[in-house]
Amino acid sequence: MHENLNKAMVTNRTFTMLKPDSVEKGNIGAILEKITASGFRIVALKLTQMTTADAQAFYEVHSERPFYGELVEYMTRGPIVSAILEKDNAVEDFRTLIGATNPAEAAEGTIRKLYAASIGENAVHGSDSDENAAIESAFHFSGREQF
Ligand code: CDP
Ligand code: MG
């Protein structure tokens, strides 16, 4: 029974960052409004700035990709808003809400279509699996910061 309860909690949560371009452009309020209006409950939220080591670790999976250096520069150049979001089917539904990695390919009405400038500076992060949502949430938030 406890295992089932824990699993239900994990699979209903995802992790997001409003990336530095979103903060620079003054889009924090608009993006959070869109997220909550889409049925996500904010269960953790803060403004922080990642160090180079933080960004390198967070995007370790991309370390061999040609864009890794630029990605780390971008993600550390200013503050981000990080958040944990709760909703049924959170990971998949949030990926749908943010749209394709490249805003030129993102569907109408998605956060990246509305607020992203390019494939590199694409406004928001969304976890790609329940497992990564849990790992990324723990990377950014202590237990006392999650509700
Ligand atoms: O963020 P998402 O899961 O949609 O894409 P990803 O493939 O996991 O890539 C992580 C991040 O790297 C993207 O959100 C972009 O900021 C950046 N990226 C890039 O600069 N150039 C690419 N060709 C692909 C990704
Ligand atoms: Mg990804």
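Everything in this summary refers to the structure shown in the same document. (Residues numbered from 1 in each chain as written. Chains lettered and ligands numbered in written order. Predicted model: local features only at pLDDT ≥ 70, side-chain atom pairs only at ≥ 80, totals over all residues. Heavy atoms only, no water.)

Some details on the packing of aromatic side chains
Selection rule: Aromatic pairs are defined between Phe, Tyr and Trp rings, using the six-membered ring for Trp, whenever the two ring centres lie within 6.5 Å; interplanar angles under 30 degrees are classed as stacked, those over 60 as edge-to-face, and all others as tilted. The way it works is that DSSP assigns letters per residue, a run of H or I at least four long becomes a helix, a run of E at least two long becomes a strand, and they are numbered from the N terminus. For every residue, the accessible area obtained with a 1.4 Å probe (protein chains only) is divided by the maximum for its type, and the residue is called buried under 20%, exposed over 50%, and partly exposed between those limits. Whether a charge sits over a ring comes down to the Lys NZ or Arg CZ being within 6 Å of the ring centre and within 35 degrees of the ring normal.
For the coordinates displayed, the defined rule picks out 5 aromatic pairs. Judged by centre distance (6.0 Å) and plane angle (50°), the rings of phenylalanine 15 and phenylalanine 58 are tilted. Taken together, the residues span a long stretch of sequence, with phenylalanine 15 in strand β1 (residues 13-18) and phenylalanine 58 in helix α4 (residues 52-58) at a distance of 43 residues. Pair check on accessibility: phenylalanine 15 and phenylalanine 58 agree, each one buried. Look at phenylalanine 40 and phenylalanine 94: their rings are 5.4 Å apart centre to centre, the planes differ by 85°, and that puts the pair in the edge-to-face class. Taken together, the residues phenylalanine 40 in the loop between α3 (28-37) and β2 (41-48) and phenylalanine 94 in helix α6 (residues 90-98) connect sequence positions 54 residues apart. We classify phenylalanine 40 as buried; its relative accessible area is 4%. Cluster of aromatic residues (ring-pair linked, three or more members): Phe15, Phe58, Tyr59, Phe139 and Phe141. It is lysine 87 that lies over the ring of phenylalanine 40; its NZ or CZ is 5.6 Å from the centre.

Quick notes on the pattern of salt bridges
Selection rule: What makes a salt bridge here is a side-chain nitrogen of Lys or Arg within 4 Å of a carboxyl oxygen of Asp or Glu, nothing more.
With the rule as written, the count across this model stands at 7 salt bridges. Lysine 46 serves as the salt-bridge partner of glutamate 145, at 3.1 Å between the closest nitrogen and oxygen. One end of the pair, glutamate 145, is in the segment after α8 (130-140); the other, lysine 46, is in strand β2, with 99 residues separating them in the sequence. Note that aspartate 93 is salt-bridged to lysine 87, the shortest N-O span being 2.5 Å.

Topic: the sheet that holds β2
The pairing of strands in a sheet happens through backbone hydrogen bonds and is either parallel or antiparallel. What counts is decided by this rule: Paired strands, as defined in this entry, are two strands with at least two bridges between them according to DSSP. Axes here refer to lines fitted to C-alpha atoms; in helices the fit is confined to the stretch in contact. Angles between the N-to-C directions go from 0 to 180 degrees. We call two residues in contact when some of their heavy atoms are within 4.5 Å.
Across the sheet, which stays open at both edges, the 4 strands sit in the order β2-β3-β1-β4 with antiparallel pairing between neighbours. Where the open sheet ends on each side, the last strands, each with one partner, are β2 and β4 (124-126). Direction aside, neighbouring strands of the sheet carry axes that sit 15° apart on average. Inspection of the sheet shows β2 paired to strand β3 (residues 80-86) by 7 bridges, in the antiparallel sense. The partner of isoleucine 42 across the bridge, within β3, is leucine 85. Sitting on the sheet, α8 touches β1, β2, β3 and β4, and the angle it makes with β1 is about 55°.

Read these as spatial facts, not as claims about activity.
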